[in-house]
Amino acid sequence: MSINGRCGTRDGYKRGCRCGRCRSAERVHAQGRRDRARILVANGTAPVPADRHGKVGTYTNNMCRCERCTGAMREYIRSYRSGRGGRR
Ligand SMILES: [Zn+2]
Ligand SMILES: [Zn+2]
């Protein structure tokens with residue numbers, strides 16, 4: 001198996017080459033993915049389909065903090081408390 005011309009790319013790594021250049025190409029790629037995910041969460045701009053907003057699950061699972069999702073969460077907490085017959 002030859003990976004001539006693919007060294008230093010993720011393709012070389014995927015083809016089984018573990019030389020320094022291929023490993024660093026793979027590492028840079030993995031690092032970039034992690035950074036993007038972190039940035040998305042930090043900015044509260046995780047990709048959520050438009051019709052999923054306004055749900056508690058979107059607030060908790062997708063970390064969405066838009067007006068509709070925070071509103072749904074607030075509503076959920078309120079009904080949860082009153083639903084348990086708490087003191088008035
Ligand atoms: Zn290589
Ligand atoms: Zn939302």
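Residues numbered from 1 in each chain as written. Chains lettered and ligands numbered in written order. Predicted model: local features only at pLDDT ≥ 70, side-chain atom pairs only at ≥ 80, totals over all residues.

Undergrad: Can you walk me through the overall build of the chain in this structure?
TA: When helices and strands are counted, the chain shows four helices and zero strands. Across the chain, helices and strands are ordered from the amino to the carboxyl terminus as α-α-α-α. Relative to its full complement of 88 residues, the chain shows a buried share of 10%. Of the contacts formed within the chain by residues at least 6 apart in sequence, a portion of 0% connects residues at least 24 apart. (Helix = DSSP H or I, 4+ residues; strand = E, 2+ residues; numbered from the N terminus. Buried ≥ 20, exposed ≤ 12 C-beta atoms within 10 Å, placed from the backbone. Contact = placed C-beta atoms within 7 Å.)

Undergrad: Before we go on, may I ask you to explain unusual backbone geometry in this structure?
TA: Across residues other than glycine, the phi torsion is negative in most instances, and most of the peptide bonds are trans. With a phi close to 60 degrees, methionine 63 is a non-glycine residue in the positive phi region. Within the element layout of this structure, methionine 63 appears in the loop between helix 3 (56-61) and helix 4 (67-83). On the basis of neighbour counts, which here come to 15 C-beta atoms within 10 Å, the residue methionine 63 falls in the partly exposed class.

Undergrad: Can you walk me through helix 4 in this structure?
TA: An α-helical turn contains 3.6 residues, so a residue and the one three or four places further along point in the same direction. Over its 17 residues, helix 4 runs 24 Å from end to end, which matches the ideal 24 Å to within 8%, given 1.5 Å per residue. With one of 17 residues buried, helix 4 is to be regarded as a mostly surface element. (Expected span 1.5 Å × (residues − 1).)

Undergrad: Just checking my understanding: could you explain the environment of aspartate 11 for this structure?
TA: Relative to the helices and strands, aspartate 11 resides in helix 1 (residues 10-14). In this structure, the C-alpha to C-alpha distance between aspartate 11 and glutamate 26, residues 15 residues apart in sequence, is 8.8 Å.

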